[in-house]
Amino acid sequence: MLSNRGRLRRFFLLVPAVLMIVSGCNALKGSKPILPIREYEKMIVGNLYADYVGTQNCLAACHEHDQLRLFFDASTMGAQLKMESGMPLVDCESCHGPGSLAIKDLSPELVAENDRLGIKTACDFKTLIDLKNLPATAQSLVCLKCHTANATFNLHNWNAGPHAVHEVSCFECHDVHASPDLKVTPLASGRLCFGCHQSVQAQFSLASHHPLKEGRVFCVDCHEPHGSFAAKDLLQDGSKETCVQCHPEKRGPFLYEHADVM
Amino acid sequence: MRRGRAGKWFAKMYLLGAVLMAAVLTAGGEETVFAQEAGEQADPPAREEERVYYEAEGSYFLGYRFVSTEDSLKAAEYIDPHSSVTFGLDLLSCPLPYRYHVNSEYLSKHDFYADAGFAYKDIVLFRDILVGLHHNLDHFNFFFPDEPPGLIYDDRDPGDEYFLDYASNQLLLRLKTPDFPFHTFFRHRYLERDGRVEQRFLLGDFDRLIKTSASRDIDWKSNAYKIGFNSHLGPVEVEYAHDQTRFDPGGNSIQYDFYPESELFSRPADIYPHHVHPETKSSAHTLKLHSSYTGGFVTSATVGNLYQKNNFSQAESTTWKGALDVSWIPDPVMGLFFKYRHRNVDMDNRDMVVLSGLNNTLLYRVRDSISYTKDVFSLSSRYRPVKNFSLLTSYQFSHLERKDIDEWEVFEKRTNVHNINVTANGRPFDKLKLKAAYDFTYHNDPAYNTEPDNTNRLRLTANYLPAAWVNLFLDYILTVTERDNLHYLNSEPFTLLEGGNREGRRDQLLASLSFMLSPKATMTASWSYNRWDVEQDLAYGKWTTDGFGDLPFFDFAVPYTDESNSFSLSVHYMPREDITLTADATYTIADGEYVSGDVLGSPLSFDVLSTLEATETILSFGVAKKLPRDWEVGLKLYLDFYNDRNDDILDGNVVVTTFNLKRNF
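Residues numbered from 1 in each chain as written. Chains lettered and ligands numbered in written order. Predicted model: local features only at pLDDT ≥ 70, side-chain atom pairs only at ≥ 80, totals over all residues. Heavy atoms only, no water.

So, on to the environment of B:Thr586. Topologically, B:Thr586 is positioned in strand β32 (residues 579-594). Put simply, B:Thr586 and B:Ile618 are 32 residues apart on the chain and 5.1 Å apart in space, counted from C-alpha to C-alpha. (Helix = DSSP H or I, 4+ residues; strand = E, 2+ residues; numbered from the N terminus.)

Written as structure tokens, this is what we have:
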């Protein structure tokens, strides 16, 4: 059995080794547009014959999008519109692709005239990226292209996590246009998760259950939907470590300890 | 008992919400005008942006909740059985670059929820989630006093009601450097469990056992901190976090009772401590690294350690954890995913423990706790040859190596587990989605009797939308388990019995039908069925001669069954634009028992101890009427009837009527 010092030495050997291994991924990152990813990137780049026209030509020109614009402006991404932020710039075209073809037959005068007549002026949205029909991996790539560089929250276990493997994309849970706050609130998480996990919802009708339908315990109290160290997307690194968050009296270690309970 | 502490938390939280709201409304009064600043990136001539107003929106409500209970509080398991004023606030405000949100409701001083957040651009993020919950606990009874002879039952507080008041406050503060991908984060979770619970324990000695129940006041607190940072080192994102937790069992952490003399344990009669809730603490370090999320190859690695200590018994454990994830998409129709998980747990407890009675000190020998190393490898693939069909396969191998098992006899030193899963998703036509999954698990040398040798699991799911106004969902899971060679340890005379079988079958079905009866009315009906059958050989130790040894006794093919059916109906109807009606009804029936053979000479069958049968009927109705000037009035009725068909002890009803006056803004 290794002593604590031995383990510490092993830890300090392991860390640089892991760093070297992952640094080796630099080459992998450099070769990122390998075939399938290149295919997906083509899907999310948009029409190559179109030019970027800026957010004001999408939102300011069309009154029906006012609410979208409000939500967008109020989001973190909206704050990233400034060039000087040094962050990946985000606007409509970051996700929907370049929009010059969509508005090529429109003019401010036409929009204003239609507006005066009470007619909604539709752009040629079919020239934009067809987000809804993209493969799930490509949908997630739309978000990940920025969030891999942004260092705002860690999606460490996303790519090999159950949702990514089963082709559940970011879009399934996060609606960019629904609210300035893109996070899913704990209260909303139950409804969201049960949209797919109906059998789990049914089990909460049994007499012995955590107070989830009572709105005092939430799916995200125990599960990390972006992937995790543990099986079943548990929030912590194991079932015991997850349970003792709310049941700390069971944490231990105890004199007479369970065996391999994780 | 400080029953109002959780309420004070809520009051503090509400004060914060009020301050936030005042700030928002003040900001609104000072003209909440924010112009978009995006003109600099466009090719076409930039024109002056329209000024954008983002007004705070949300609602607040004030009401009263009448709670009426009858008999047992089982029906009101998570309901504070006291009527109370209720109020709440929902707020979303974005006077850019600031953003605020509050979602809250106060139902009683032990039942509340608040989620409040503040953000400044992407530089500052603060969030606090406060939850309070009242949990009514069962008062368990021993139904057969003086049976079998020699076992005495003593309920010291037969009239006491048991409950827990739970309060949790989670705080997150994240600070990010402007224009640079680096952030630090701080998380804190304070948790409190306060109340009165039933402590059950055995007193006496082997030939005169006293099964005792006593009330125990608890006042547990836990603090958990996490601090860390996250940044990019070239191609690699790095995150380091340090965790600390401490559990404080409060002032009633040890029970004391009189124990008679025991020749077997060389124990003189005395008052001894028992049922200790120890103070514990832990600390952890975690390092996470991963490459770009967007590559054809994505790798992530985690290294961490966790140290835990029991401050009462001085037991310690050290855990080392490691993980590696690799995903590779070699072709647009295929993805490969590899995972490795490693966990090494080193348990360290004392060899001897001193039990200090009032007048005597006993020295007990403690068996070594079991340390172990576990490695799990998994390889998964996803294949989508056509848009409407995908096939997922996975193989997982897990190797568990236990240490210090010599004194435990029954454990296997190594257990290997192999798992294969095949899942097919199909969409034969637009209105039908199908999913079929088969899962096989093989345990080589399972350590516990509840672990099967083989598990076969089949799952079939269908979602059918024949028309826009109807949706049918079906989900069926069949699990079959088999186990040979069960282990039983007979203590005196010492014998390790290896034999016997255990076969189990679990059926789970969910059927749900949703209708849109009209544009103003929807209805959902569902049925959930669960059944667990197991047949197993059981072994008992049975005293045949007073004071002389055990005799292992086998009861073969003991069946156990539990079953539940849950039916629910939900209706949502808007007869007019300003009136909303909702109604829900759920009826659940659950029963279970096992049927044992007559144990030689036993005065009663064990069957009677295992029977359970209960029904629960939940009805809820709600009506909301919009009034002029964004006001809304609402009435909700919630009824729960719990019928303990076994012995009526848990029978009970609860009726909750809530009247609310709400204003949207």
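For the rest of this paragraph, the subject is the pairing of strand β23 (residues 414-429) of chain B. Residues and elements named next belong to chain B. In the sheet, strand β22 (residues 389-403) pairs with β23 via 13 bridges, with the strands oriented antiparallel. Paired with Leu 392 across the bridge in β23 is Thr 423. If you look at the hairpin formed by β23 and strand β24 (residues 432-444), you'll find two residues sitting between the two strands. (Pairing = 2+ DSSP bridges.)

A few words now on the packing of aromatic side chains. With the rule as written, the count across this model stands at 20 aromatic pairs over all chains. An angle of 35° between the planes, with centres 6.3 Å apart, marks the rings of B:Phe186 and B:Tyr225 as tilted. In this pair, B:Phe186 is assigned in strand β10 (residues 182-205) and B:Tyr225 in strand β11 (residues 208-233), connecting sequence segments 39 residues apart. Relative accessible area serves as the criterion here: at 29%, B:Phe186 is assigned to the partly exposed category. Assessed through its relative accessible area of 39%, B:Tyr225 is described here as partly exposed. Taken together, a centroid distance of 6.1 Å and an interplanar angle of 40° make the contact between B:Phe229 and B:Tyr240 tilted. Taken together, the positions of B:Phe229 in strand β11 and B:Tyr240 in strand β12 (residues 236-248) put the pair 11 residues apart, joining distant regions of the chain. Residue B:Phe229 is classed as partly exposed on the basis of its relative accessible area of 33%. One aromatic cluster is present, formed by B:Tyr98, B:Tyr100, B:Phe118 and B:Tyr120 through successive ring pairs. Positioned above the aromatic ring of A:Phe229, the side-chain terminus of B:Arg341 is 5.3 Å from the ring centre. (Phe/Tyr/Trp six-rings, centres within 6.5 Å; stacked < 30°, edge-to-face > 60°. Buried < 20%, exposed > 50% of the residue type's maximum accessible area, 1.4 Å probe, protein only. Lys NZ or Arg CZ within 6 Å of the ring centre and 35° of its normal.)

As a further point, take empty space enclosed by the protein. Over the atoms, a rolled probe matching the size of one water molecule traces out where space is still vacant. This model, assessed by the stated rule, comprises six cavities of 30 Å³ or more. Of the volumes computed, that of the largest cavity is approximately 210 Å³. Contributing to the lining of the largest cavity are 22 residues, with A:Thr137, A:Trp158, A:Asn159, A:Ala164 and B:Ile329 lying nearest its centre. Among the elements of the structure, α8 (136-147) and α9 (162-165) of chain A together with β17 (316-331) of chain B are those that each provide at least two residues to the lining of the largest cavity. If one sorts the elements of the lining of the largest cavity by residue count, α8(A) sits on top with five residues. (1 Å grid on protein atoms, 1.4 Å probe; cavity = no way out; pocket = protein on both sides within 12 Å on 5 of 7 lines; lining within 4 Å. Points joined across faces, edges and corners; volume = space filled by probe spheres on them.)

Residues and elements named next belong to chain B. Here Val 354 lies in strand β19 (residues 352-356). Sequence spacing of Val 354 and Arg 365 is 11 residues, and the spatial spacing of their C-alpha atoms is 8.9 Å. Here Val 354 is in contact with Thr 361, Leu 362 and Leu 363, once residues within four sequence places are set aside. (Contact = heavy atoms within 4.5 Å.)

Another point: the state of the cysteines. Residues and elements named next belong to chain A. Counted under the stated rule, the structure contains zero disulfides over all chains. With no disulfide of its own, Cys 143 lies closest to Cys 170 among cysteine sulfurs, the gap being 4.0 Å. Cysteine Cys 173 shares no disulfide, and the gap to the nearest cysteine sulfur, in Cys 193, comes to 6.8 Å. Overall, Cys 173 belongs to the partly exposed group, its relative accessible area being 32%. (Disulfide = S-S within 2.5 Å.)

With that out of the way, let us pick up the confidence of the model for chain A. Residue and element names in this part refer to chain A. Looking at chain A, the pLDDT average stands at 77 and 78% of residues meet or exceed 70. Looking across chain A, the model is least confident in helix α2 (residues 25-30), with a mean pLDDT of 42, and most confident in helix α12 (residues 219-222), with 92. For residues 24-34, every residue scores under 50 in pLDDT, and the model assigns this stretch 17 contacts once sequence neighbours within four places are set aside. (pLDDT = per-residue confidence, 0-100.)

What helix α10 (residues 186-194) of chain A keeps buried is the set A:Pro186, A:Ser189, A:Gly190 and A:Phe194. Along α10(A), the residues classed as buried sweep out an arc of 115° about the axis, all on the same side. Here the buried face of α10(A) lies against α11 (198-203) and α12 of chain A together with β6 (111-120) and β7 (124-137) of chain B. (Arc of directions from axis to C-beta.)

Confidence along chain B averages 85 in pLDDT terms, with 85% of residues attaining 70 or more. Long-range and interchain partners of residues 13-52 of chain B, a stretch whose pLDDT sits below 50, account for 71 contacts in this model, where long-range means more than four residues apart.

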